[in-house]
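# Per-entry structural report
Listed below are the residues making up each chain.
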Amino acid sequence: DGGITQSPKYLFRKEGQNVTLSCEQNLNHDAMYWYRQDPGQGLRLIYYSQIVNDFQKGDIAEGYSVSREKKESFPLTVTSAQKNPTAFYLCASSTWTGGGWGEQFFGPGTRLTVL
Amino acid sequence: SQQGEEDPQALSIQEGENATMNCSYKTSINNLQWYRQNSGRGLVHLILIRSNEREKHSGRLRVTLDTSKKSSSLLITASRAADTASYFCATLRMDSSYKLIFGSGTRLLVRP
């Protein structure tokens with residue numbers, strides 16, 4: 001069963017703590033992405049990776065970190081430096097279609113709440 | 001900054017009616033994509049239209065693209081209550097082929 005999974009579904013964090021959100025895909029996609037979504041808003045790109053051991057900052061990378069040690073995995077760490085981390089986090093993956101990166105496949109999301 | 005902006009922000013229609021959502025963008029694009037999001041869930045890809053295409057169909061969905069006006073529309077025909085969701089357009093820009101820019105979405109309510 002191919003797809004992209006995220007865990008946990010809900011995550012609660014105390015202020016000052018780092019937390020790591022998991023994202024795994026078995027679609028053999030080269031590119032993976034992390035987005036943040038605030039209520040009633042669209043998605044904003046945090047980080048993306050087009051190849052293993054390489055990743056780039058998106059529009060709102062401050063306070064976040066990622067790694068891409070395996071093609072299947074792209075974990076996101078929300079650090080204590082992120083001032084307003086409560087949000088819905090979405091992971092996605094895509095593959096090169098010749099004319100550019102194609103449609104993105106999304107995981108079910110992780111809702112992070114800072115207490 | 002947002003590349004795609006959807007219009008209207010919210011739309012309420014009766015089951016069986018057609019729903020039209022519009023998207024405008026600012027810079028040249030490689031392609032434009034429409035996604036659907038049910039409340040609290042991930043996004044699901046609906047349709048991709050390339051910059052050299054003008055119209056595309058998929059089931060009850062029809063997407064048009066007017067690159068001269070930098071706009072696109074998504075038409076859902078014969079709507080169903082299950083179509084209730086938020087719909088987002090996203091553009092893949094010509095100058096940065098990796099980056100998909102999402103609009104803020106149209107929230108569609110289909111009343112039974």
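Right, let's walk through the structure included here. In every chain, residue numbers begin from 1 and rise along the written sequence. Whichever chain is written first is A, and whichever ligand is written first is 1; the rest continue in order. In keeping with the predicted nature of the model, local features appear solely for residues at pLDDT of at least 70, side-chain atom pairs appear and are counted solely at 80 or more, and the whole-chain, interface and lining totals rest on all residues. Think of the side-chain values as coming from all heavy atoms in the structure, minus any hydrogens and water.

### Details of the interface of chain A and chain B
Taken residue by residue, the interface counts 24 residues in chain A and 22 residues in chain B. Counting the surface lost from both chain A and chain B, the interface buries some 1700 Å², and carbon and sulfur atoms represent 52% of this. Each of two parts loses accessible area, computed with a 1.4 Å probe, when they are put together; buried area is these two losses added. It is Leu43, Glu103 and Phe106 of chain A that lose the most area in chain A upon contact with chain B, and together they represent 23% of the buried surface on that side. We count a salt bridge whenever a side-chain nitrogen from Lys or Arg sits within 4 Å of a carboxyl oxygen from Asp or Glu. Scanning the region where chain A abuts chain B turns up zero salt bridges. Where helices and strands are cited, they refer to DSSP runs of H or I of at least four residues and of E of at least two residues respectively, numbered from the N terminus. Broken down by secondary-structure element, the contributors of at least two residues to the side of chain A that touches chain B are strand E4 (31-37), strand E5 (43-51) and strand E9 (87-94) of chain A. Top element by residues in the side of chain A that touches chain B is E5 of chain A. It accounts for four residues. Classifying every residue of the side of chain A that touches chain B by side-chain character gives 11 nonpolar, 10 polar and three charged. By the convention used here, residues are in contact when the closest approach between their heavy atoms is within 4.5 Å. Charged means Asp, Glu, Lys or Arg here, nonpolar means Ala, Val, Leu, Ile, Met, Phe, Trp, Tyr, Cys or Pro, and polar covers whatever is left, Gly included.

### Here we look at the nonpolar core
Take the buried residues of types Ala, Val, Leu, Ile, Met, Phe, Trp, Tyr and Cys, join any two whose side-chain atoms come within 4.5 Å, and each joined set is a nonpolar core. For every residue, the accessible area obtained with a 1.4 Å probe (protein chains only) is divided by the maximum for its type, and the residue is called buried under 20%, exposed over 50%, and partly exposed between those limits. Ranked by size, the top nonpolar core spans 20 residues in total, and within it Met21, Leu32, Trp34, Leu74, Ile76, Tyr87 and Leu108 of chain B carry the most contacts. Among the elements of the structure, strand E3 (19-24), strand E4 (29-37), strand E5 (43-50), strand E7 (61-66), strand E8 (71-76), strand E9 (85-93) and strand E11 (106-111) of chain B are those that each provide at least two residues to this core. Non-local contacts of Leu32 of chain B, meaning those with residues more than four positions away in its chain, are made with Cys23, Tyr25, Ile47, Leu48, Ile49, Leu65, Ser72, Cys89, Ala90 and Thr91 of chain B. Core analysis: the next-biggest nonpolar cluster, separate from the first, contains 19 residues, Leu11, Leu21, Phe74 and Cys91 of chain A among them.

### Some points on the sheet that holds E3 of chain B
All names here are of chain B. Pairing is antiparallel across the open sheet formed by five strands, whose spatial order is E1-E3-E8-E7-E6. Taken across any chain shown, the strands that pair with only one partner, and hence form the sheet edges, are strand E1 (5-7) and strand E6 (55-58). Each strand axis lies, on average, 20° off the axis of its neighbour in the sheet, ignoring direction. Strand pairing is defined by DSSP finding a minimum of two bridges between the two strands. Pairing analysis gives four bridges linking E6 to E7, with the strands arranged antiparallel. Within E7, the position partnered with Lys56 by the bridge is Val63. Under this scheme, a helix contributes an axis fitted over its contacting stretch, all axes are lines through C-alpha atoms, and angles between N-to-C directions fall in the 0 to 180 degree range.

Honestly, that's just the spatial picture; any functional story needs more than this.
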